[in-house]
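In case you want the letters, here they are:
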Amino acid sequence: MSEKNKRKRHKKRYVLPVLIVSLLIVGRIALPYILENYVTKTLNKIPGYKGSVSDIDLSLWRGAYQIEGLILREEKSQGEKPLLDFPSSDISIDWRSLLKGKIVSEVEMQNPQFNYIFENQQKQDQADVEDWTKALTNLVPIDINHFVVYNGTANFVEVSADPQISLFLKEISLEAHNLSNVVDQQKDLPSHLWANAISMGGGDVKIHGDLNLLKQIPDMDMEFSLQKAEATALNDLTRRYAGVDFESGTFELYSELAIADGYLKGYIKPMLINTKLIAKDDQGGLFKKLWEGFIGFFKFALKNQSTDTLATRVPLEGDLNNVDSGIWATVLNIFKNAWIEAFSGSIDEDIEFKDAVRNNKDS
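Before going into details, it helps to say that this report is about the structure given with it. (Residues numbered from 1 in each chain as written. Predicted model: local features only at pLDDT ≥ 70, side-chain atom pairs only at ≥ 80, totals over all residues. Heavy atoms only, no water.)

In this section: the pairing of strand β4 (residues 84-93). Where strand β3 (residues 64-74) and β4 come together, eight bridges link them in antiparallel fashion. Each residue of the ladder has a partner; that of glutamine 66, found in β4, is aspartate 90. As paired elements, β4 and strand β6 (residues 113-118) share two bridges and run antiparallel to each other. Pairing of aspartate 85 across the sheet is with glutamine 113, part of β6. Bridging between β4 and strand β5 (residues 105-110) involves six bridges; their strand directions are antiparallel. In the strand pairing of β5, serine 92 is matched with glutamate 106. (Pairing = 2+ DSSP bridges. Helix = DSSP H or I, 4+ residues; strand = E, 2+ residues; numbered from the N terminus.)

As for its position among the elements, serine 199 is in strand β9 (residues 191-199). The exposure class of serine 199 is buried, given its relative accessible area of 5%. Excluding anything up to four places from it in sequence, serine 199 contacts Phe168, Leu169, Val205, Leu226 and Ala229. (Buried < 20%, exposed > 50% of the residue type's maximum accessible area, 1.4 Å probe, protein only. Contact = heavy atoms within 4.5 Å.)

As a further point, take the pattern of salt bridges. Counting across every chain of the model gives five salt bridges. A salt bridge links lysine 215 to aspartate 219; its shortest N-O distance comes to 2.9 Å. Judged by relative accessible area, which is 28%, lysine 215 ranks as partly exposed. Classification of aspartate 219 by relative accessible area gives buried; the value is 5%. Across the pair lysine 276 and glutamate 247 runs a salt bridge whose closest N-O atoms are separated by 3.2 Å. Residue lysine 276 is located in strand β13 (residues 263-279), and its partner glutamate 247 is located in strand β12 (residues 244-260); the two are separated by 29 residues in the primary sequence. Residue class for glutamate 247 comes out partly exposed when judged on its relative accessible area of 43%. Where salt bridges share partners, they join Lys215, Asp219 and Asp261 into one cluster. (Salt bridge = Lys/Arg side-chain N within 4 Å of Asp/Glu carboxyl O.)

Below, the structure is given as structure tokens:
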């Protein structure tokens, strides 16, 4: 073979590897733009919403991609803030689950904001919540098994109210494990969730429990507590619906919920501690004095005098499409707290998953 042919053959030997490497480089450069275009189109296909992202980065070595600056707005919303504002979301393969033979993902979100605006609109004009939640799920290529939120915020605003009513949670930390049932597959409730946050009024919020998200109506056994929130933070609500303000005091809330095969059993226990109420009457005069007197009598008659606590326990039981709030039990519990015994400032720990299972079988 001539020297010339040898050189040609030598060059051809490197053509294919160089071509493959070049294609990989071009693909690596182009893929973020392709993904960004896909994500933007997915968001803008949601009826009633408009979405965008600022950037998408890839980390091929760990099978991950990061979505930066995801924004989703409701087109007819009167609010200035978007429905979703996700500055940074990391979506990657859950390698621990991969070692167990299951391909699932884990999602980590930094500083996400959720802003839900309640508006005085006709139902047919409102955007469908299921549409945007399904679209967000489609952005994750495989089932989520591990979900983490750092420093999240949730705002709930009713703009049509006068004054405008705003409720919020901030500094939300949330972690959920085994959502795709990779381990503990024989357990009724294989997944675990815990979260904490700061509420309006500076209250301490804690949520934890076990659940099974693989069912159409998830089974769960959850506990919720809100402690030491300043009652004055509720004034927008109480002023609108009762015509009163809290001048001082503390608001707390405790709840346990168990759901099995769509049957719910649980309770909600609100508590007002050392509170002072004042009537809001712009005209002043006799009506205001009478109203304040009525409030004072109501609080004296229905509170536990030894602990200065007004509380009740609202039972919840029944099919999820027709939950019974137990109005008579609620009224009786008010007087029970006032005259028989004070409710303790804690979760009662008397609702378990088996209670929902038992009651479901009996129904």
